[in-house]
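Tertiary structure, described
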Amino acid sequence: MEYTHHYQTQANIVLNYFSAFSDKDISRVSRDFAENITLKDWEIYRSGKEDVVDVIKEEIFDKVESIHIFPVSMHFSHEPMQSTTVTCKIDILINGSVL
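Overview of the structure. (Residues numbered from 1 in each chain as written. Predicted model: local features only at pLDDT ≥ 70, side-chain atom pairs only at ≥ 80, totals over all residues. Heavy atoms only, no water.)

What follows covers the pairing of strand β4 (residues 84-94). Bridge count between strand β3 (residues 67-78) and β4: 11 bridges; the pairing is antiparallel. Its bridge partner being in β4, His-75 is matched across the sheet by Thr-87. Pairing of β4 with strand β5 (residues 97-98), which is carried by two bridges, proceeds in the antiparallel orientation. For Leu-93, the partnering residue across the bridge sits in β5 and is Val-98. Hairpin connection between β4 and β5: a loop of two residues separates the two successive antiparallel strands, and Asn-95 in this loop has a positive phi of roughly 50°. (Pairing = 2+ DSSP bridges. Helix = DSSP H or I, 4+ residues; strand = E, 2+ residues; numbered from the N terminus.)

So this is what it looks like as structure tokens:
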């Protein structure tokens, strides 16, 4: 496997997700969600694609005028015979203020 190309593809997937989230475009955000997705942060815990999509729309997108995600750094981890994990440090601006 050529890792440079593979990592570039993974980076593009992540950047497209951040762009869709910043555009508050739920159809693009949820396009690649698995049916058994789990969303967990300091305020929200939901499981299942339908519930996660609903909570993103209702508890995030509908409650902010604007949201922008800026990746600061990306780290890739790849184990043989497994998928690549991408971890990102991000800055989030909500209504123009850093979160």
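Among the nonpolar cores identified, the biggest contains 19 residues, and Phe-21, Val-29, Phe-33, Ile-56 and Phe-61 are the most heavily contacted of them. With five residues, helix α3 (residues 49-60) is the single largest residue contributor to this core. Beyond its immediate chain neighbours, meaning those up to four positions away, Phe-21 contacts Val-29, Ile-56, Ile-60, Phe-61, Ile-67 and Ile-69. (Core = buried A, V, L, I, M, F, W, Y, C linked by side-chain atoms within 4.5 Å. Buried < 20%, exposed > 50% of the residue type's maximum accessible area, 1.4 Å probe, protein only. Contact = heavy atoms within 4.5 Å.)

Here we come to the layout of surface pockets. Of the pockets and cavities examined, the largest pocket occupies roughly 640 Å³. In this structure, the largest pocket is lined by 24 residues; those nearest its centre are Phe-21, Asp-41, Trp-42, Ile-60 and Ile-92. For the lining of the largest pocket, the elements supplying multiple residues, two or more each, are α1 (3-22), β1 (38-40), α3, β3 and β4. A total of four residues in the lining of the largest pocket trace back to one element, the largest contributor, which is α3. Residue composition of the lining of the largest pocket, grouped by class: 18 nonpolar, one polar and five charged. Roughly 350 Å³ of internal volume is contained in the second largest pocket. Every residue lining the second largest pocket is counted, 13 residues in all, and those nearest its centre are Ile-13, Val-14, Tyr-17, Val-29 and Asp-32. Sorting the residues of the lining of the second largest pocket by element identifies α1 and α2 (26-30) as the ones contributing at least two each. Residue contributions to the lining of the second largest pocket peak at seven residues, all from α1. (1 Å grid on protein atoms, 1.4 Å probe; cavity = no way out; pocket = protein on both sides within 12 Å on 5 of 7 lines; lining within 4 Å. Points joined across faces, edges and corners; volume = space filled by probe spheres on them. Nonpolar A, V, L, I, M, F, W, Y, C, P; charged D, E, K, R; others polar.)

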